[in-house]
Amino acid sequence: MKKVRFILLTALSLLLACFLAGCATNATTSDSHAIPTLFFHGYGGSYRAENHMAQAAVQAGVTQSVIRADVSPTGRVTLIGQFKRHDRHPIVEVNYLNSRNGNYHTDGQWAKNVVVKLQQRYQIKKFNMVGHSMGNMAIVYYLLANATNRKLPQLQKQVDIAGHFNGILGMDDAPNRMKLKPAGQPTKMNANYRELLGLRRIKTLKSLQVLNIYGDKNDGSHSDGRVSNASSKSLKYLLKDQVKSFQERRIVGPAAQHSRLHQNKQVDRLLIHFLWKKIIRIMKLTDRIFEINN
């Protein structure tokens, strides 16, 4: 009789443990309707470069969840913070701990690792991506490798800021040297861009909406000081015919300098309206909302 009682108690204990584990999982798991937006910083940067844009979204009432995804030099992802329950538009500040890695295939793989980690933790079905400078290369190389993978969540919206898709000034480009043909094709292509031409053959991007933002210092260089406008605008040739919509916006003046674009009020407005326009009236927001980091 004692043996039977012991077996019953053990079984009940196991059932209780399973129940509690389920409760713990539910407590840390957002519902699958959340559509997180992942921010990717540039070369030599960190998640701090994303804070201004993320906090502008918080101040605009988009979200109350801003978490961080640290990516180790080996690609291991650690999530710091949790999505708040029922927050449909959480933000993830992606933080590459090796921020000087110039292998774009690796950068794209690390981006995938973050997406997979969020999928495992929160069962997400859809997500957005925002990149600044080299962060854009992580995004397009992620697409190149994974756009046809139906086991991954679906990328809904993509914002590219100051992207150097076909070269960087002082390295493999010079002011006013690069030209674009009427269809947007560069007259000269570097090795990375030739590889990215593979995006033109991908047929699974029909639901993707893209906003490409580039800066022009208006000093005659037709650049943001680091990347020529032609290099940034060369994204159009890669994606325009493959995606649901493609928009370009030019930011002009001193605040359009490459490293200042991720702290630019006009950029804040553009990306908030583009990403979340269905839930806020961005055109009625006053400048006061965007004073947070100035």
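Everything quoted here is computed from the prediction, not taken from an experiment.

A. Main features of the sheet that holds strand β7 (residues 209-216). Read across the sheet, 8 strands follow the order β3-β2-β4-β1-β5-β6-β7-β8 without closing on themselves; strand pairing throughout is mixed. Of all the strands in the sheet, the pair left with one neighbour each is β3 (77-80) and β8 (245-252). Pairs of neighbouring strands in the sheet enclose a mean axial angle of 20 degrees, with direction left out of account. Two strands pair when backbone bridges link them, and strand β2 (residues 66-71) and β3 are joined in this way by 4 bridges, in the antiparallel orientation. Across the sheet, arginine 68 pairs through a bridge with isoleucine 80, a residue of β3. Packed onto the sheet, helix α8 (residues 265-276) meets β1 (37-40), β4 (91-96), β5 (126-132), β6 (154-161), β7 and β8 and runs at close to 165 degrees relative to β6.

B. Broad picture of the packing of helix α2 (residues 51-59) against α8. Two elements in contact, α2 and α8, have axes whose closest approach is 10 Å; the angle formed by their N-to-C orientations is 55 degrees. Looking at the two axes, α2 sits oblique to α8. Every pair of crossing elements has a handedness; the one defined by α2 and α8 is right-handed. Together, His52, Met53, Ala56 and Ala57 of α2 and Asp268, Leu271, Ile272 and Trp276 of α8 make up the contact between the two elements. Classifying every residue of the contact of α2 with α8 by side-chain character gives 6 nonpolar, 1 polar and 1 charged.

Thresholds applied
Residues numbered from 1 in each chain as written. Predicted model: local features only at pLDDT ≥ 70, side-chain atom pairs only at ≥ 80, totals over all residues. Heavy atoms only, no water. Pairing = 2+ DSSP bridges. Helix = DSSP H or I, 4+ residues; strand = E, 2+ residues; numbered from the N terminus. Axes fitted to C-alpha atoms, helices over the stretch in contact; angles between N-to-C directions. Contact = heavy atoms within 4.5 Å. Parallel < 35°, antiparallel > 145°, perpendicular 65-115°, else oblique. Left-handed = near helix turned anticlockwise from the far one by under 90°. Nonpolar A, V, L, I, M, F, W, Y, C, P; charged D, E, K, R; others polar.

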